[in-house]
Amino acid sequence: MAEEEKQEEPKKGFLSRLKERLSRTKEGVVTKVKNLVALRGRCYEQEAVPYKAFDGMADDLSRYLVRQSKPDTAVLLPLRAFLLPRLFRVLQRVEVIAMAPTEADLPDPQQLRLRMYTAFRELLLRLAQRRPLLLVIDDLQWTDADSLTLLQEVLGHADAPGCLDELQLGLL
């Protein structure tokens, strides 16, 4: 054969391009889209941590909030911010969350869980009102039931944080 056949690379899909772009960024913030905050989670088949789809997102969120000024972070806090570290311990690193006032009477475990989910959704909502927010979960097929419940609580409400689509990101 005089010429070897060249195989064309398949056109990369939106998520592949986004994943490449995110892997080249620091601390979850995508530089191409002004002020975009990207929180990335990844599920591993053999991992056994609660809320594993959100574990990496909580790390990114904590790093982002720690870099912000106290007043800028304080305006993002939900009413029951003290519950956030119960959901994701890493959020205790954020001083204004660690110092948030607590409530004396904690409800039963089911009600407490719902309040933690609500506090997390409100935090993401307030962040999304100030900055474009992108939530990325890789390998969702390996997620756990708690992650799916939290995902439904975060995105399944009328006041859920807005989502960015391919055109808004300008990654075509």
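One can find the structure itself at the top, above this paragraph.
The structure presented is a predicted model; accordingly, all values stated were derived computationally and were not measured.

1. Points about the packing of aromatic side chains
Phase 1 of the analysis: Evaluated as defined, the whole model comprises four aromatic pairs.
Phase 2 of the analysis: A centroid spacing of 5.9 Å and a plane angle of 85° characterise the contact between Phe-54 and Phe-120, whose relative ring orientation is edge-to-face. Placement of Phe-54 in helix α2 (residues 52-67) and of Phe-120 in helix α6 (residues 109-130) is noted, with a sequence separation of 66 residues between them. For the pair Phe-54 and Phe-120, one class covers both residues: buried.

2. Considering helix α7 (residues 145-155)
Residue pairs three or four apart in sequence face the same way in an α-helix, which turns once every 3.6 residues.
Phase 1 of the analysis: Along α7, the positions that sit buried rather than exposed are Ser-147, Leu-150, Glu-153 and Val-154. End-on view of α7: buried residues confined to an arc of 125°, all on one side of the axis.
Phase 2 of the analysis: The inward-facing, buried residues of α7 contact α2, α4 (84-87), α6 and β2 (133-138).

3. Here we look at the side chain of Asp-60
Phase 1 of the analysis: Residue placement: Asp-60 occurs in helix α2.
Phase 2 of the analysis: Classification of Asp-60 by relative accessible area gives buried; the value is 3%.
Phase 3 of the analysis: Among the polar contacts listed, one links the side chain of Asp-60 to the backbone nitrogen of Arg-40, at a separation of 3.0 Å.

4. Looking at the pattern of salt bridges
Phase 1 of the analysis: Taken as a whole and judged by the stated rule, the model has nine salt bridges.
Phase 2 of the analysis: One salt bridge connects Arg-115 with Glu-103, and the closest N-O pair in it is separated by 3.5 Å. Separated by 12 residues along the polypeptide, Arg-115 in helix α6 and Glu-103 in the loop between α5 (95-98) and α6 bring together distant segments of the chain.
Phase 3 of the analysis: For the salt bridge of Arg-113 with Asp-146, the shortest nitrogen-to-oxygen distance reads 2.9 Å.

5. Remarks on α6
Phase 1 of the analysis: Between its terminal C-alpha atoms α6 stretches 32 Å, which fits the 32 Å expected from 22 residues at 1.5 Å a residue.
Phase 2 of the analysis: Every buried residue of α6 is listed here: Leu-112, Met-116, Tyr-117, Ala-119, Phe-120, Arg-121, Leu-123, Leu-124, Leu-125 and Leu-127.
Phase 3 of the analysis: Where the residues of α6 are buried, they touch β1 (37-42), α2, α4, β2 and α7.
Phase 4 of the analysis: Of the residues that open α6, the one with a side-chain oxygen 3.1 Å from the backbone nitrogen of Gln-110 is Asp-108.

6. Some remarks on the environment of Val-90
Phase 1 of the analysis: Among the secondary structure elements, Val-90 is positioned in the loop between α4 and α5.
Phase 2 of the analysis: For Val-90, a relative accessible area of 12% gives the class buried.
Phase 3 of the analysis: Counting along the chain gives 32 residues from Val-90 to Ala-58, while the straight-line C-alpha distance between them is 6.9 Å.
Phase 4 of the analysis: The contact partners of Val-90, leaving out residues within four places of it in the chain, are Ala-58, Asp-59 and Ser-62.

Conventions we followed
Residues numbered from 1 in each chain as written. Predicted model: local features only at pLDDT ≥ 70, side-chain atom pairs only at ≥ 80, totals over all residues. Heavy atoms only, no water. Phe/Tyr/Trp six-rings, centres within 6.5 Å; stacked < 30°, edge-to-face > 60°. Helix = DSSP H or I, 4+ residues; strand = E, 2+ residues; numbered from the N terminus. Buried < 20%, exposed > 50% of the residue type's maximum accessible area, 1.4 Å probe, protein only. Arc of directions from axis to C-beta. Contact = heavy atoms within 4.5 Å. Polar contact = N/O pair within 3.5 Å; in protein donor to acceptor, adjacent residues only side chain to side chain. Salt bridge = Lys/Arg side-chain N within 4 Å of Asp/Glu carboxyl O. Expected span 1.5 Å × (residues − 1).

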